[in-house]
Amino acid sequence: MTAQIIDGKAFAARLRTRIATQVQALAGQGITPGLAVVLLGEDPASQVYVRSKGRMTREVGMASFEHRLPQQTSQQELLDLIQKLNDDPAVHGILVQLPLPSHMDEGAVINAITPEKDVDGFHILNVGRLATGQRAMVPCTPLGCLMLLRDHLGSLAGRNAVVIGRSNIVGKPMAQLLLRDSATVTIAHSRTEDLPALCRRADILVAAVGRPAFVKGDWIKPGATVIDVGINRTEDGLVGDVDHEGASQVAGAFTPVPGGVGPMTIACLLANTLTATARIHGLPDPDGLTP
Ligand code: NDP
């Protein structure tokens, strides 16, 4: 069997086009969605992310506000800036680029963002709303994975899903979204016993581990759909968490790295900004951008 490749790059491009059309429609009502991104320090990878987020925000017709602060900024200064952005009617989405410098309390900073503008979906209220099936802002990477899975498989109901990784930004919200779509979900982590056997039962396998080519071909159930969230920088360039050569022999379909989940994450950030804008203005949620 040769697995089908799930082209996240192409899907994300189509999603951005749809978002741009909806942004144009809002312009007719005098509304321009605005996304504020806050970056502390000089971390090169974070700078690249922030630059490309700004460029794509402008490309879909939204306003982009970038706030670059020095590494030694005090937590109070950052909280003051967040308060200003919370109060600014031109700003509909606020993203504080993580990780934060070690002198900051990440939870306190994230929870200072008003939940309605929390386009990363990390605020404790949004986490609770997602877990209890209420209208939430949903973290971008798992939302992007869900969109790819639904597009590829249609209904996820009754399928066995295994998520490897239990982080707050990927693993846990991914499991919540799969559960919400009535998949039967298992979350695996570093203490899981006999992970290969567990994975072999998965119709849907999501790998969010952070270890290059960790999931081997013989861990994959024949015909399974494999979503590789991993982004690992190695001497051979960017590598996912799944051994793609192995996966391509066994899986039904899988997402490549690069060109799979990565582009979906930024597209879903724009989707969340549009959703936040609609909700703040009392409009219905935009079509197809929420779970
Ligand atoms: P974390 O480091 O926060 O979490 C990794 C998870 O993997 C943990 O739950 C850990 O378990 C688990 N794990 C580690 N080793 C093993 C093992 N041997 N067996 C089973 N489970 C294991 O990472 P993130 O969730 O933040 O990110 C995961 C990957 O996804 C990274 O490569 C990251 O770069 C990438 N990523 C990609 C994004 C994208 O846009 N494509 C966005 C965000 C992340 P335990 O909890 O027990 O320690």
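Residues numbered from 1 in each chain as written. Predicted model: local features only at pLDDT ≥ 70, side-chain atom pairs only at ≥ 80, totals over all residues. Heavy atoms only, no water.

Okay, the overall build of the protein chain next. A count of helices and strands for the protein chain gives 10 helices and 11 strands. Taken over the C-alpha trace, the protein chain has a radius of gyration of 19 Å; the compact-globule value for 291 residues is 19 Å, and the two agree within 12%. Once the C-alpha set of the protein chain is aligned to its principal axes, its extents read approximately 55 × 40 × 35 Å. Looking at the protein chain as a whole, 50% of its 291 residues are labelled buried. Counting only contacts in the protein chain whose residues sit at least 6 apart along the sequence, the fraction spanning at least 24 positions is 69%. Within the structure as shown, the protein chain displays about 13,100 Å² of accessible surface, and the carbon and sulfur contribution to it stands at 52%. (Helix = DSSP H or I, 4+ residues; strand = E, 2+ residues; numbered from the N terminus. Rg over C-alpha atoms; globule rule 2.2 N^0.38 Å. Buried < 20%, exposed > 50% of the residue type's maximum accessible area, 1.4 Å probe, protein only. Contact = heavy atoms within 4.5 Å. Areas by Shrake-Rupley, 256 points an atom, 1.4 Å probe, with all protein chains shown as cover.)

Within the open sheet, the 3 strands sit side by side as S3-S2-S4. Their pairing is parallel. Two strands close off the open sheet at either side, each with one partner strand: strand S3 (63–69) and strand S4 (93–96). Going across the sheet, the axis of each strand differs from the next one's by a mean of 15°, ignoring polarity. Bridge analysis of strand S2 (residues 34–40) against S3 gives 7 bridges, and the strand direction is parallel. If you follow Leu39 over to S3, its bridge partner there is Arg68. Against the sheet, helix H2 (residues 44–59) contacts S2, S3 and S4, and its axis sits at roughly 160° relative to S3. (Pairing = 2+ DSSP bridges. Axes fitted to C-alpha atoms, helices over the stretch in contact; angles between N-to-C directions.)

So, on to the site of the ligand. Close to the ligand lie 22 residues, the nearest being Arg166, Ser167, His189, Ser190 and Thr265. A distance of 2.5 Å is found between an oxygen atom of the ligand and a side-chain nitrogen or oxygen belonging to Ser190. The protein chains hide 71% of the 920 Å² of surface that the ligand would expose on its own. The element best represented in the shell around the ligand is helix H10 (residues 261–280), accounting for 3 residues. Here the residues of the shell around the ligand sort into 10 nonpolar, 10 polar and 2 charged. (Near = heavy atom within 4 Å. Polar contact = N/O pair within 3.5 Å; in protein donor to acceptor, adjacent residues only side chain to side chain. Nonpolar A, V, L, I, M, F, W, Y, C, P; charged D, E, K, R; others polar.)

Looking now at the pairing of strand S6 (residues 184–188). Bridge count for strand S5 (residues 160–164) against S6 is 5 bridges, and the pairing is parallel. The residue of S6 that forms the bridge with Val162 is Thr186. As a crossover connection, the stretch from S5 through helix H7 (residues 171–180) into S6 is right-handed. (Right-handed = clockwise from strand over helix to strand, strands pointing away.)

Right, let's get into the domain arrangement of the protein chain. Its domain assignment divides the protein chain into domain 1 (32–114) and domain 2 (140–262). For domain 1 versus domain 2, the distance between C-alpha centres works out to 29 Å. (Domains from an automatic or database assignment.)

This paragraph deals with the pairing of S4. Here S4 shows two buried faces, one formed by Gly93 and Leu95 and the other by Ile94 and Val96. Of the strand pairs in this sheet, S2 and S4 are connected by 4 bridges, and their pairing is parallel. Counted as the bridge partner of Leu35 is Gly93 from S4.

Here we take up the packing of helix H6 (residues 140–153) against H10. H10 packs onto H6 with a crossing angle of 110° between their chain directions and a minimal axis gap of 8 Å. Considering their axes alone, H6 and H10 lie roughly perpendicular with respect to each other. Of H10, the residues touching H6 (which contributes Cys140, Thr141, Leu143, Gly144, Cys145, Met147 and Leu148) are Val261, Met264, Thr265, Cys268, Leu269 and Asn272. Its residues placed into classes, the contact of H6 with H10 shows 9 nonpolar, 4 polar and no charged. (Parallel < 35°, antiparallel > 145°, perpendicular 65-115°, else oblique.)

Its 16 residues place the ends of H2 23 Å apart at the C-alpha level, agreeing with the 22 Å of an ideal helix rising 1.5 Å per residue. Among the residues of H2, Ser46, Gln47, Val50, Ser52, Lys53, Gly54, Met56 and Thr57 are the ones counted as buried. Tucked into the core, H2 has its buried residues touching helix H1 (8–27), S2, S3, S4 and H10. (Expected span 1.5 Å × (residues − 1).)

Note on placement: Arg16 falls in helix H1. Once residues lying within four places of it in the same chain are set aside, the contact partners of Arg16 are Met56, Val60, Ala267 and Leu270.

This paragraph deals with unusual backbone geometry. Here the bond from Leu98 into Pro99 is cis, since omega is 0°, no more than 30 degrees from zero. For Pro99, the position within the fold is in the loop between S4 and helix H4 (106–110). In this structure, the amide linkage connecting Val257 to the following residue, Pro258, adopts the cis form with an omega of -5°. For Ser182, which is not glycine, the phi dihedral falls at a positive 65°. One can find Ser182 in the loop between H7 and S6. The backbone phi angle of Asp194 is positive, close to 45°, even though this residue is not glycine. The topology assignment puts Asp194 in the loop between S6 and helix H8 (195–199).

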